[in-house]
Amino acid sequence: MVQLVELQKQQEAFKALDAELICVLRENKEGLDGLKKAYAKTKFDIILNDSPTTLTKEYSKELWATYFIGKDGIIKSVLTGTKKKRPDADAVLTQAKSSF
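Structural notes, computed from the coordinates. (Residues numbered from 1 in each chain as written. Predicted model: local features only at pLDDT ≥ 70, side-chain atom pairs only at ≥ 80, totals over all residues. Heavy atoms only, no water.)

On to the overall build of the protein. Counting its regular elements, the protein contains five helices and four strands. For the protein, the sequential pattern of α-helices and β-strands runs α-α-β-α-β-α-β-β-α. Expressed as a percentage of its 100 residues, the buried residues of the protein come to 25%. By sequence separation, contacts in the protein at least 24 residues apart represent 46% of the contacts at least 6 residues apart. For the protein, the accessible area works out to roughly 7300 Å², and carbon and sulfur atoms hold 54% of it. (Helix = DSSP H or I, 4+ residues; strand = E, 2+ residues; numbered from the N terminus. Buried < 20%, exposed > 50% of the residue type's maximum accessible area, 1.4 Å probe, protein only. Contact = heavy atoms within 4.5 Å. Areas by Shrake-Rupley, 256 points an atom, 1.4 Å probe, with all protein chains shown as cover.)

What follows is the structure, encoded as structure tokens:
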């Protein structure tokens, strides 16, 4: 959640790059209520895989990634992190500037 709030603060800088931020989450331990809280704090479009946590627990257990996808649908770059050490908003913005 903290990362989403940080990215929200950089929203104008992303708009200047003609970039759109879309958050894809595999699940939220608080379910739909947790997603509503995230949306209320950020106003990002959020896409959720609503499969139960038990079905997705093996998926990306440690790796967290931010994908930079061009208008042509091709991944331009990937910024990786871990569950405990995710890229901050400044790192995401820096990578976006070098990708587009």
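A few words on the nonpolar core. As a rule of thumb, soluble globular proteins bury nonpolar side chains together. Counting residues in hydrophobic clusters, the biggest one holds eight residues: L7, F14, F68, L79, A89, V92, L93 and A96. Top element by residues in this core is helix α5 (residues 89-99). It accounts for four residues. Those residues in contact with F68, other than ones at most four positions away along the chain, are I74, I75, K76, S77, V78, L79, V92, Q95, A96, S99 and F100. (Core = buried A, V, L, I, M, F, W, Y, C linked by side-chain atoms within 4.5 Å.)

Attention shifts here to helix α1 (residues 2-9). Among the residues of α1, those classed as buried are Q3, L4 and L7. Projected down its long axis, α1 shows its buried positions confined to an angular sector of 100°, all on one face. Opposite the buried face of α1, at more than 90 degrees from it, the exposed residues are V2 and K9. (Arc of directions from axis to C-beta.)

Take A65: it is sitting in strand β3 (residues 63-69). For the pair formed by A65 and T82, sequence separation is 17 residues and the distance between their alpha carbons is 8.0 Å. Not counting residues within four places of it along the chain, the set of residues in contact with A65 comprises V78, L79 and T80.

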